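Residue strings, one per chain:
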Amino acid sequence: MTHADPMVVDFPLRKPGEAFPPPRYTTYREQEGLVLSYLPNGNKCWLVTRHEDVRAVFTNPKISSNPDHKGFPNISETMGVPKQEQIPGWFVGMDSPEHDRFRKALIPEFTVRRVRAMRPAIEETVDKLIDELLASGNSADLVADFALPVPSLVISALLGVPPVDRDFFESRTRTLVAIRSSTDQQRDTATKELLRYINRLIDIKSKWPQDDLVSRLLATGTIAPHELSGVLLLLLIAGHETTANNIALGVMTLLQNPQWIGDDRVVEETLRFHSVADIVSLRVAVEDVEIAGQLVRAGEGIIPLVAAANHDEKVFACPHAFDPSRTDRHHVAFGYGMHQCLGQNLVRVEMEIAYRKLFERIPTLRLAVPVEELAFKHDVVLFGLHEMPVQWESS
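All of these numbers come straight from a predicted model, not from anything done at the bench.

Caption draft 1: View of helix 3 (residues 98-106). By the burial criterion, the buried members of helix 3 are His99, Phe102, Arg103, Ala105 and Leu106. Viewed along the axis of helix 3, the buried residues span an arc of 160°, placing them on a single side of the element. In the core, the buried residues of helix 3 are packed alongside helix 9 (213-220) and helix 10 (225-256).

Caption draft 2: Up close: the pairing of strand 3 (residues 44-48). Burial within strand 3 is extensive, with 4 of its 5 residues counted as buried. Two strands pair when backbone bridges link them, and strand 2 (residues 35-38) and strand 3 are joined in this way by 4 bridges, in the antiparallel orientation. Residue Val35 lies in a different strand from strand 3, and its bridge partner there is Leu47. Counting the residues in the hairpin turn of strand 2 and strand 3 gives 5 residues, including Gly42, whose phi is positive at 95°. Two elements, strand 3 and strand 9 (residues 301-304), share 4 bridges in a ladder whose sense is parallel. Its bridge partner being in strand 9, Trp46 is matched across the sheet by Ile302.

Caption draft 3: The arrangement of empty space enclosed by the protein in detail. Tallied over the entire structure, the rule returns 2 cavities of 30 Å³ or more. Classifying every residue of the lining of the largest cavity gives 1 nonpolar, 1 polar and 6 charged. Space inside the second largest cavity adds up to approximately 30 Å³. Lining the second largest cavity are Val143, Ala147, Leu148, Ala244, Asn245, Ala248, Lys377 and Leu385. For the lining of the second largest cavity, the elements supplying multiple residues, two or more each, are helix 5 (142-147) and helix 10. Considering every element that reaches the lining of the second largest cavity, the biggest residue donor is helix 10, with 3 residues. Among the residues making up the lining of the second largest cavity, the classes are represented as 6 nonpolar, 1 polar and 1 charged.

Caption draft 4: Highlighting the packing of helix 9 against helix 10. Direction vectors running N to C along helix 9 and helix 10 enclose 145°, while the axes themselves pass 11 Å from each other. For the pair helix 9 and helix 10, the sense of crossing is right-handed. Seen from helix 9, the contacting residues are Leu213, Val214, Leu217 and Leu218; seen from helix 10, they are Pro225, Leu228, Leu232 and Leu235. The residue makeup of the contact of helix 9 with helix 10, split by class, is 8 nonpolar, no polar and no charged.

Caption draft 5: Looking closely at the packing of helix 10 against helix 11 (residues 266-274). Their axes nearest at 10 Å, the elements helix 10 and helix 11 cross at an angle of 105°. Taken together, the axes of helix 10 and helix 11 lie roughly perpendicular to each other. Across the interface between the two elements, Asn246, Leu249, Gly250, Met252, Thr253 and Leu254 of helix 10 pack against Val266, Thr270, Leu271 and His274 of helix 11. Of the residues that constitute the contact of helix 10 with helix 11, the class distribution is 5 nonpolar, 5 polar and no charged.

Caption draft 6: Structural detail: the sheet that holds strand 4 (residues 63-64). Pairing is mixed in the open sheet, where 6 strands are placed in the order 1-2-3-9-6-4. The open sheet has two edge strands, strand 1 (8-9) and strand 4, and neither has a second partner. Sheet strands touched by helix 2 (residues 51-59): strand 3, strand 4, strand 6 (283-285) and strand 9. Its angle to strand 9, the strand with the most contacts, is close to 130°.

Caption draft 7: Focus on helix 8 (residues 184-207). End to end, helix 8 covers 35 Å across 24 residues, agreeing with the expected 34 Å (1.5 Å per residue, within 8%). Within the span of helix 8, buried status applies to Arg187, Ala190, Thr191, Leu194, Leu195, Tyr197, Ile198, Leu201, Ile202 and Lys205.

Caption draft 8: How the structure looks around the packing of aromatic side chains. Within the structure shown, the criterion is met by 7 aromatic pairs. Ring centres 3.9 Å apart and planes at 15° place the aromatic pair Phe20 and Phe383 in the stacked group. In this pair, Phe20 is assigned in the loop between strand 1 and helix 1 (24-30) and Phe383 in the loop between strand 10 (366-367) and strand 11 (389-391), connecting sequence segments 363 residues apart. In this pair, the class of Phe20 matches that of Phe383, namely buried. Ring centres of Phe91 and Phe102 lie 5.9 Å apart, and the angle between their planes is 5°; this geometry places the pair in the stacked category. With a gap of 11 residues between them, Phe91 in the loop between strand 4 and helix 3 and Phe102 in helix 3 connect regions that are remote in the sequence. Judged on exposure class, the residue Phe91 and its partner Phe102 are both buried.

Calculation criteria
- Residues numbered from 1 in each chain as written.
- Predicted model: local features only at pLDDT ≥ 70, side-chain atom pairs only at ≥ 80, totals over all residues.
- Heavy atoms only, no water.
- Buried < 20%, exposed > 50% of the residue type's maximum accessible area, 1.4 Å probe, protein only.
- Helix = DSSP H or I, 4+ residues; strand = E, 2+ residues; numbered from the N terminus.
- Arc of directions from axis to C-beta.
- Contact = heavy atoms within 4.5 Å.
- Pairing = 2+ DSSP bridges.
- 1 Å grid on protein atoms, 1.4 Å probe; cavity = no way out; pocket = protein on both sides within 12 Å on 5 of 7 lines; lining within 4 Å.
- Points joined across faces, edges and corners; volume = space filled by probe spheres on them.
- Nonpolar A, V, L, I, M, F, W, Y, C, P; charged D, E, K, R; others polar.
- Axes fitted to C-alpha atoms, helices over the stretch in contact; angles between N-to-C directions.
- Left-handed = near helix turned anticlockwise from the far one by under 90°.
- Parallel < 35°, antiparallel > 145°, perpendicular 65-115°, else oblique.
- Expected span 1.5 Å × (residues − 1).
- Phe/Tyr/Trp six-rings, centres within 6.5 Å; stacked < 30°, edge-to-face > 60°.

Set out below in structure tokens:
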């Protein structure tokens, strides 16, 4: 069945100053079929909002994540992000079977067991950053001074970046994701510098392997060196800002809901509640396909709205309430199916350690401005906070 007159909405979907997820998402879910939108270039794209339908899109072989296909909904320019050029090894934009080769090679690096072994190093990193916060006085920008460097330093250690180079690595990564404070040219330069560094790192690890991800991947031979640089850059970008946004938003939410501080279930609820990767999983139909009774033609774009799916009232009771005690936990914050986030185990551990350490060591932490004055990221692809001024009592 095709719905003749679908609801049509403007793009971009977020508006400064409004709640996130946008209240309109509830209206979208109530419509039969899908919601239609048009990108600034005139291309048609379908918005998928219900939990069941979003999961169906993620697993349908007639739907592709390859941006080279005609009609792919490239929303980068509308959200303040320069278009990414295709880089060998950028497997997030590949379909099976090409995608599967990269994923199978990387899965062993992000198992629960492997990540558990990383906990002491992650705790040391978090403690060091908190030491620096406390040494600087009694105020800070929690985004710049804590949330952003945590995942950057963790991933640099995972890749085997020598400690002497980690400041360089972290600073270039920060430039890359700082949409508000860096220019397109600065981000382009940072990308090139990171790629050059990664290529040198691959060359060094191929000659003098150590116990790190790069050395182990080179030893398997499943990913060619010229592809590995793109894979590593993807891991860096994909795992950095998403984790940083979740850390900052989680701390903000716990400051508003202090009764949940120290509860292990906070991480999972934060992932669902904030759904920072709402419009990341872009797709295009490569064959005619029916979704929720709506015929989507080959060459038409598809945007599964992760935040809408994670706030679906038919799946999550009182979805707009932050409730870590909820038992309905099958959210799609990490995607679903073959493209589900490889690093989800690592992200969870980083978030848990960051929350626990921060509130244990700075129990008087508080926001320095009202929540409504915080600068939320409505203007970029990944939702989060541009800045988060905080204060605490001096000891």
